[in-house]
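# Understanding the architecture of this molecule
Here's the letter readout for the chains.
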Amino acid sequence: MRIAAWGRATPAEAPSLAALFQRSEAVAPVDLEQRAEDVQNRLAALGPDGAGRTRVGRDDTGAVAAYGEVADMGTADDVLRIRLTKVFHPDIADDVRAELHHWLIDQAEQLRADRGSARAVLGTRCAENDRTGHELLIRGGFALVRHERHLVLAVPDSPPAPVLPPGLVLTPVDERYDELARLAHNEAYADSPAAVRPDQRTWPQHATGHPRFLPDLSCLLLAEADRGDNPVAAFLFALADGSTDTPTAVLHCLGTRAPWRRSGLATAMISRVVHLARSSGIEQLRLQVTDSNHPALALYRKLGFVESGRGFAVLMRQLTPEAAEQP
Ligand SMILES: CC(C)(COP(=O)(O)OP(=O)(O)OC[C@H]1O[C@@H](n2cnc3c(N)ncnc32)[C@H](O)[C@@H]1OP(=O)(O)O)[C@@H](O)C(=O)NCCC(=O)NCCS
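Per-chain numbering applies: the sequence of each chain, read as written, is numbered from 1 onward. Residue-level local features of this predicted model are given only where pLDDT is at least 70; pairs of side-chain atoms are given and counted only at 80 or more, and the full residue set underlies all totals for whole chains, interfaces and linings. Note: side-chain values were computed over all heavy atoms of the structure, leaving out hydrogens and water.

The chain has the name N-acetyltransferase domain-containing protein in an unreviewed UniProt entry, where Micromonospora ureilytica is given as its organism.

So, on to the domain arrangement of the chain. Start and end points for every domain follow an automatic or database-based domain assignment. According to the domain assignment, the chain consists of domain 1 (5-141) and domain 2 (152-311). One C-alpha centre belongs to domain 1, the other to domain 2, and the line joining them spans 27 Å. Contacts were defined at the residue level, with two residues in contact if any of their heavy atoms lie within 4.5 Å. Between domain 1 and domain 2, the contact holds 18 residues from the first and 17 residues from the second. Two parts placed together each lose some accessible area; with a 1.4 Å probe, that loss summed over both constitutes the buried area. Between domain 1 and domain 2, roughly 1,500 Å² of surface is buried when both sides are summed, and carbon and sulfur atoms account for 40% of that area. On the domain 1 side of the contact with domain 2, Asp31, Met73 and Arg81 bury the most area, a combined 28% of that side's loss. Each reported salt bridge corresponds to a side-chain nitrogen of Lys or Arg within 4 Å of a carboxyl oxygen of Asp or Glu. At the boundary of domain 1 with domain 2, the tally comes to 5 salt bridges. A salt bridge links Asp77 to Arg197; the nearest nitrogen and oxygen atoms lie 3.1 Å apart. Polar contact criterion, stated in full: a pair of N or O atoms within 3.5 Å, where within protein one must be able to donate a hydrogen and the other to accept it, and residues adjacent in sequence count only if both atoms are side-chain atoms. In this assembly, domain 1 and domain 2 are joined by 6 residue pairs in polar contact (both at pLDDT 80 or more).

Further remarks concern the packing of helix H1 (residues 14-27) against helix H2 (residues 36-45). Only the stretch in contact is used when a helix axis is fitted, and all axes are lines through C-alpha atoms; the angle between N-to-C directions ranges over 0 to 180 degrees. A run of H or I in DSSP counts as a helix once it spans at least four residues, and a run of E counts as a strand once it spans at least two, with each numbered from the N terminus. Two elements in contact, H1 and H2, have axes whose closest approach is 8 Å; the angle formed by their N-to-C orientations is 105°. By the angle between their directions, the pair H1 and H2 is classed as roughly perpendicular. Between H1 and H2, the contacting residues are Ala14, Pro15, Leu17, Ala18 and Phe21 on the first element and Ala36, Val39, Gln40, Arg42 and Leu43 on the second. Of the residues belonging to the contact of H1 with H2, the class tally is 8 nonpolar, 1 polar and 1 charged. Should an angle lie under 35 degrees it is considered roughly parallel, over 145 roughly antiparallel, and from 65 to 115 roughly perpendicular; all remaining angles are considered oblique. Charged residues are taken to be Asp, Glu, Lys and Arg, nonpolar residues to be Ala, Val, Leu, Ile, Met, Phe, Trp, Tyr, Cys and Pro, and polar residues to be all remaining types, Gly included.

Now for the site of the ligand. Near residues are defined by distance, with any heavy atom within 4 Å of the molecule or strand qualifying the residue. In the region of the ligand, 21 residues are neighbours, and Thr256, Gly264, Thr267, Asn293 and Lys302 sit closest. Between the ligand and Arg262, the relevant distance is 2.8 Å, taken from an oxygen atom to a main-chain nitrogen or oxygen of the residue. Computed by Shrake-Rupley with a 1.4 Å probe, the accessible areas treat only the displayed protein chains as cover when residues are assessed. Protein chains shield 78% of the accessible area of the ligand, which is 920 Å² for the free molecule. Those elements giving two or more residues to the shell around the ligand turn out to be strand S10 (248-256), helix H7 (265-277), strand S11 (284-290) and helix H8 (294-302). The element best represented in the shell around the ligand is H8, accounting for 6 residues.

What follows is the structure in structure tokens.
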């Protein structure tokens, strides 16, 4: 299958893109949005200058057969993080894949220059069974950095009430704590080099401004006697998920700052979600976790999560002005 015409993605194309995403997910899962509404939100999250960094390819019948996107994921430690997304109809020709890959690298370089960043890192997902996509990335200088596992938990009918560790207060995630929650998030993930650590600009789309943010299932744990300058000891952000027929919530990000670890805080926050899930109409929880994150894997397994088999690989590459000039 070949591409007859390329253009930019527009909100009106969300249904066609969702159809492409569904088709691609059926054979090579990387956890893409499945509903037109979610694809539309994805495009909106790219920001006002984001449409120019998308590319939609149509075959000679006018059907959408390829999609590419370059997204600004924020700057941490003076490094701009850029997410590349490529989605293809399963029958697409190999040279179309290569052409879109090169276009994405050029766009990423343009984004780095526009943001005035000397250093940037590119990250992209690749389905575990997508050998062609994997080889193309390795030839393009990308290296495998991690495997993401996809875990699920069927919500039990009458889960026990969560037990809050002493000295902590549970509070909703709201504007008052927005910046403190961001700092707590980035501190908790500081030892996870591959994790996204949003800056103030990209934090809203990662957290409370996410279009699928679920305020009732999200929470912060505040320390009554603070052990530092930030009372936010732990956080959990949950999202709605419309990608399956089973009503599902996504544990999008959760963490406990180092001084409070191994005191049951993450257990308390997840148990609260499980406890509230049924009354919110949720029957299943799901999440992604890096396979090298042994503490988190142990936590989820202890709470009954099991692997769904829909994991994917994440590959990364440095993007410096010198690297961009290489063939
Ligand atoms: C993973 C994380 C959220 C755990 O938070 P926590 O509040 O310390 O977790 P809990 O105290 O509720 O731990 C519950 C269980 O999880 C497992 N666990 C937690 N940390 C562990 C560790 N470092 N090593 C082994 N098992 C661990 C244990 O089974 C533990 O029970 P136990 O203490 O009775 O043995 C925390 O380490 C963290 O914030 N990590 C960085 C951010 C992150 O990776 N988030 C998850 C992304 S998917």
